[in-house]
Amino acid sequence: MPAIGYVAQSENGTFKGQLKTLSIRAEITITPNARKTNDVHPDYRVHSGDVEIGAGWNRRSEASGNEYISLSLAAPEFGPRRLYANLAKAAGDDRDDRFVILWNPAD
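Just so we're clear, the structure is a prediction, and the values are computed from it rather than from any experiment.

Asker: I'd like to hear about the overall build of the chain, residue by residue, with values.
Answerer: Counting its regular elements, the chain contains 0 helices and 8 strands. What you see in the chain, going N to C, is helices and strands ordered as β-β-β-β-β-β-β-β. The C-alpha atoms of the chain give a radius of gyration of 13 Å, which matches the 13 Å a tight globule of 107 residues would have. Counting only C-alpha atoms and orienting by the principal axes, one finds that the chain spans roughly 35 × 35 × 30 Å. Across the 107 residues in the chain, those meeting the buried criterion constitute 35%. Excluding contacts between residues fewer than 6 apart, the proportion of contacts in the chain whose partners are at least 24 apart in sequence is 24%. Across the chain, 13 positive and 14 negative side-chain charges occur, with their mean positions spaced 3 Å apart.

Structure representation (structure tokens):
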């Protein structure tokens, strides 16, 4: 899965960084969902500026047991389909606060 962005996590659990594709460069913020009241609601909200572009759910890999966040993103720039990605610890990076956004094609 190719990396389409990197974010840093702050002490309050918010992630900030950039989403990058061939045609998109956008600053994003992934914040814990303070309004979550049941398991169906997302664990995170994804914003670019003041526009909400997606949501995220905490997941655990069955193969490795590692935790990650499954992201679902939608914006006119992506066309009629959603963009799916996983947010996980950046492999080989010594910094504890650095995470990678990995594109997860739906097909």
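From this point, the narrative continues.
Asker: Requested: an account of the nonpolar core, with residues and values cited.
Answerer: Ranked by internal contacts, the top residues of the largest apolar core, which has 21 residues, are Phe15, Ile30, Leu71, Leu87 and Ile101. Within the residue set of this core, elements represented by two or more residues are strand E1 (3–9), strand E2 (15–20), strand E3 (25–32), strand E4 (44–48), strand E6 (67–73), strand E7 (83–89) and strand E8 (98–103).

Asker: I'd like to hear about the pairing of E2, residue by residue, with values.
Answerer: Relative to E2, E1 is paired through 5 bridges, and the arrangement is antiparallel. Residue pairing across strands places alanine 8 opposite lysine 16, the latter belonging to E2. By the bridge criterion, 6 bridges tie E2 to E3 in an arrangement that is antiparallel. Bridge pairing links glycine 17 to isoleucine 28 in E3. Linking two consecutive strands that pair antiparallel, namely E2 and E3, is a turn of 4 residues.

Asker: Mind laying out the pairing of E3, listing which residues take part and the relevant values?
Answerer: Along any regular strand the residues' side chains alternate between the sheet's two faces. One ladder, built from 4 bridges, connects E3 with E4; its direction is antiparallel. The residue bridging proline 32 from the neighbouring strand is tyrosine 44, located in E4.

Asker: Got a sec to walk through the pattern of salt bridges? Specific residues and values, please.
Answerer: Summed over all chains, the structure comprises 3 salt bridges. Aspartate 43 is the partner of lysine 36 in a salt bridge, and the nearest nitrogen-oxygen pair spans 2.6 Å. The partner of glutamate 67 in a salt bridge is arginine 60, with the nearest N and O atoms 2.8 Å apart. Summarising the burial analysis for this pair, glutamate 67 and arginine 60 share the class exposed.

Asker: An account of the packing of aromatic side chains is needed here, citing residue identities and associated values.
Answerer: Tallied over the full model, the rule gives 2 aromatic pairs. On the basis of an interplanar angle of 85° and a centroid distance of 5.1 Å, the ring pair of phenylalanine 15 and phenylalanine 99 is categorised as edge-to-face. Placement of the pair is phenylalanine 15 in strand E2 and phenylalanine 99 in strand E8, with a sequence separation of 84 residues. Looking at phenylalanine 15, the relative accessible area reads 2%, which means it is buried.

Asker: Tell me about the environment of tryptophan 57, and please be specific about residues and values.
Answerer: Relative to the elements of secondary structure, tryptophan 57 occurs in strand E5 (residues 51–60). When sequence neighbours within four positions are dropped, the list of residues in contact with tryptophan 57 reads Val40, His41, Pro42, Asp43, Tyr68, Ile69, Ser70 and Ser72.

Asker: Kindly report on the sheet that holds E8, identifying the contributing residues and their values.
Answerer: Hydrogen bonding along the main chain pairs the strands of a sheet, whether they run parallel or antiparallel. Ordered by their spatial adjacency, 8 strands build a closed barrel running E1-E2-E3-E4-E5-E6-E7-E8, and the pairing between neighbours is antiparallel. If you compare each strand with its neighbour and ignore which way they point, the axes differ by 25° on average.

Scoring rules and cut-offs
- Residues numbered from 1 in each chain as written.
- Predicted model: local features only at pLDDT ≥ 70, side-chain atom pairs only at ≥ 80, totals over all residues.
- Heavy atoms only, no water.
- Helix = DSSP H or I, 4+ residues; strand = E, 2+ residues; numbered from the N terminus.
- Rg over C-alpha atoms; globule rule 2.2 N^0.38 Å.
- Buried < 20%, exposed > 50% of the residue type's maximum accessible area, 1.4 Å probe, protein only.
- Contact = heavy atoms within 4.5 Å.
- Lys, Arg positive; Asp, Glu negative; His and termini not counted.
- Charge placed at Lys NZ, Arg CZ, Asp CG, Glu CD.
- Core = buried A, V, L, I, M, F, W, Y, C linked by side-chain atoms within 4.5 Å.
- Pairing = 2+ DSSP bridges.
- Salt bridge = Lys/Arg side-chain N within 4 Å of Asp/Glu carboxyl O.
- Phe/Tyr/Trp six-rings, centres within 6.5 Å; stacked < 30°, edge-to-face > 60°.
- Axes fitted to C-alpha atoms, helices over the stretch in contact; angles between N-to-C directions.

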